[in-house]
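Descriptive analysis of the structure
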Amino acid sequence: MKKIISTISGALFLFAISLPISIAKSAEFFSIGTGGPTGVYFQVGNAICKMVAKIQSAEHGRKKGTAKALRCSAPSTGGSTYNIGQIMQGELQFGVAQSDWQYHAYNGTRPDKVKPFNGLRAVFSAHPEPFQIITRKGSKIKDWNSLKGKKVNIGNPGSGQRGTFEVLMEAHGVDTGYFGSTSELTSSEQSGALCDKKIDAFGYTVGVPNAGVAQSTDGCGASIINLDTDAVKKLVADNPFYAFATIPKGTYKTSKKDVTTFGVMASVVTSEAVPEDLVYAVVKAVFENLDDFKKQHPAFANLNPKKMIVDGLSAPLHPGAVKYYKEKGLM
Ligand code: GLU
């Protein structure tokens, strides 16, 4: 009896120690940092995971047991600068980030806003993201100057729009004291706060159209102001990662005219420490399923492979991505 018990416990012990090892051998887990749950980054990250799962099940069917299974997750996060910081720490393997913060992280040019990280690597860029100031109906805000004295949400720390809003304030020679009060609500809180009249305006760098913006434009009559001051013109002229952007009339219920503002590109970034075969597999999944990707969100409709490997990328491309782009003749 004793022998049986010790044989069973020995077998259980062996099972217990072999389990994590066999899981570790057969699957590789990785995460893509996104943004708020109502943003477009969340759609980018989850679209990538879907494409990885799709290519994985096809490849696994072909060579059962040999390929390592990739397990991808794309959690909601604080946004661009948070993602870059977590990639630097090795907590995230990939992240979506605005092209301005990718530039500053890689070059170490705004250490006050994003941690310098020259190990940052570009993978590809996705959709354009205009910086938008959305104003409450009845707030009487028509342009940058009339934001003076108003209640403004400048975004949560860690988000791309927070940094870009601060850059915009600097460009106009003002600080938060210019406004009546400022708040740090997240992107999923700001539209509700605007409709509830807790704030008069919020700044958001996001792909178009966006469900969060629609909540305030279509939901409570908010509108997006033009941002084409001399200070904005100078920002665009002086920085390679900014460009003028148009939000076409008709985008939201209150979009009666085209809106002119400036914007960035959303880009997918990683670290030089992330293995080449993982980056290769992710890039392959995306570029071989680009039609699926385009269908996930209207902001992805114009994705063009040739532009995706150049536009908005200031950190060097990761070698795993370069390998795929060269194989496919894109480079
Ligand atoms: N651009 C925003 C940021 O960097 C996120 C936009 C989104 O979630 O789509 O925080």
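Use the structure listed above.
Right, let's walk through the structure included here.

The rules behind each value
Residues numbered from 1 in each chain as written. Predicted model: local features only at pLDDT ≥ 70, side-chain atom pairs only at ≥ 80, totals over all residues. Heavy atoms only, no water. Helix = DSSP H or I, 4+ residues; strand = E, 2+ residues; numbered from the N terminus. Buried < 20%, exposed > 50% of the residue type's maximum accessible area, 1.4 Å probe, protein only. Contact = heavy atoms within 4.5 Å. Disulfide = S-S within 2.5 Å. Near = heavy atom within 4 Å. Polar contact = N/O pair within 3.5 Å; in protein donor to acceptor, adjacent residues only side chain to side chain. Areas by Shrake-Rupley, 256 points an atom, 1.4 Å probe, with all protein chains shown as cover. Nonpolar A, V, L, I, M, F, W, Y, C, P; charged D, E, K, R; others polar. Salt bridge = Lys/Arg side-chain N within 4 Å of Asp/Glu carboxyl O. Pairing = 2+ DSSP bridges. 1 Å grid on protein atoms, 1.4 Å probe; cavity = no way out; pocket = protein on both sides within 12 Å on 5 of 7 lines; lining within 4 Å. Points joined across faces, edges and corners; volume = space filled by probe spheres on them. Phe/Tyr/Trp six-rings, centres within 6.5 Å; stacked < 30°, edge-to-face > 60°. Lys NZ or Arg CZ within 6 Å of the ring centre and 35° of its normal. Core = buried A, V, L, I, M, F, W, Y, C linked by side-chain atoms within 4.5 Å.

1. Observations regarding the overall build of the protein chain
- The number of helices and strands found in the protein chain is 12 helices and 10 strands.
- Across its three principal axes, the protein chain shows a C-alpha extent of roughly 85 × 50 × 35 Å.
- Within the protein chain, the fraction of its 331 residues that count as buried is 50%.
- For the protein chain, the proportion of contacts with a sequence separation of at least 24, taken over those separated by at least 6, is 75%.

2. Here we look at the state of the cysteines
- Using the criterion set out here, one finds two disulfides in the structure.
- In this model, C49 is linked to C72 through a disulfide, with the two sulfur atoms separated by 2.0 Å. Torsion about the S-S bond of the C49 and C72 cystine: about -60 degrees, corresponding to left-handed handedness. Residue C49 is found in helix 2 (residues 41–62), and its partner C72 is found in strand 2 (residues 69–73); the two are separated by 23 residues along the sequence.
- For C49, a relative accessible area of 11% corresponds to the buried category.
- C195 shares a disulfide with C220; S-S distance 2.1 Å. Residues C195 and C220 are joined by a disulfide whose S-S torsion is about -80 degrees; by sign, that bridge is left-handed. With C195 in helix 6 (residues 187–195) and C220 in helix 7 (residues 211–220), this pair connects stretches of sequence that are 25 residues apart.

3. Concerning the site of the ligand
- Surrounding the ligand, one finds 13 residues, the nearest of these being V40, Y41, S80, G160 and T205.
- Residue V40 places a main-chain N or O atom 2.6 Å away from an oxygen atom belonging to the ligand.
- In isolation the ligand exposes 290 Å². Once the protein is present, 98% of that is buried.
- Partitioned by chemical class, the residues of the shell around the ligand number three nonpolar, nine polar and one charged.

4. So, the pattern of salt bridges
- Scanning the model with the defined rule gives 14 salt bridges in all.
- Note that K113 is salt-bridged to D112, the shortest N-O span being 3.5 Å.
- Between K113 and E166 there is a salt bridge whose closest N-O contact spans 3.0 Å. Of this pair, K113 sits in the loop between helix 4 (99–107) and strand 4 (120–135) while E166 sits in helix 5 (residues 160–171), and the two are 53 residues apart along the sequence.

5. A look at the pairing of strand 4
- Counted residue by residue, strand 4 has 15 buried out of 16 residues, so it is predominantly covered.
- Here strand 4 runs beside strand 10 (residues 259–271); their pairing, made up of eight bridges, is antiparallel. Of the residues in strand 10, the one forming a bridge with F124 is V268.
- Summarising the sheet, strand 4 and strand 7 (residues 201–205) pair through five bridges and their orientation is antiparallel. By the bridge assignment for strand 7, F131 is matched with T205.

6. Quick look at helix 3 (residues 80–89)
- Buried residues of helix 3: S80, T81, N83, I84, G85 and I87, and no others.
- Directly after helix 3, the chain includes G90, whose backbone phi takes a positive value near 80 degrees.

7. Looking at the layout of surface pockets
- Its volume calculated, the largest pocket comes out at about 510 Å³.
- What lines the largest pocket is a set of 29 residues, among which A126, H127, P128, E129 and M265 lie closest to the centre.
- Take the lining of the largest pocket: its biggest share by element is six residues, from strand 4.
- Tallied by class, the residues present in the lining of the largest pocket amount to 17 nonpolar, nine polar and three charged.
- Here the second largest pocket is characterised by a volume of approximately 370 Å³.
- Lining of the second largest pocket is provided by 19 residues; of these, S223, I224, I225, T254 and V259 occupy positions nearest its centre.
- A per-class count over the lining of the second largest pocket returns four nonpolar, eight polar and seven charged.

8. Focus on the packing of aromatic side chains
- Taken as a whole and judged by the stated rule, the model has 17 aromatic pairs.
- Judged by centre distance (4.7 Å) and plane angle (75 degrees), the ring pair of F241 and Y242 falls under edge-to-face. Taken as a pair, F241 and Y242 share a single burial class, namely buried.
- The ring of Y280 is capped by K323, whose NZ or CZ atom sits 4.6 Å from the centre of that ring.

9. Section: the nonpolar core
- By size, the foremost hydrophobic cluster in this structure holds 58 residues, and its most contacted members are I48, F94, F124, V286, F287, F293 and Y325.
- When near neighbours in sequence (up to four residues on either side) are disregarded, I48 contacts I32, F124, V268, V282 and V286.
- Counting 33 residues, the second largest nonpolar core, distinct from the first, contains I133, L147, I154 and V269.

10. Comments concerning the side chain of D100
- Within the secondary structure, D100 sits in helix 4.
- A polar contact is formed between the side chain of D100 and the side chain of W101, at a distance of 3.4 Å.
- Residues contacting D100, with those up to four places away along its chain left out, are T164, F241, Y242 and V264.

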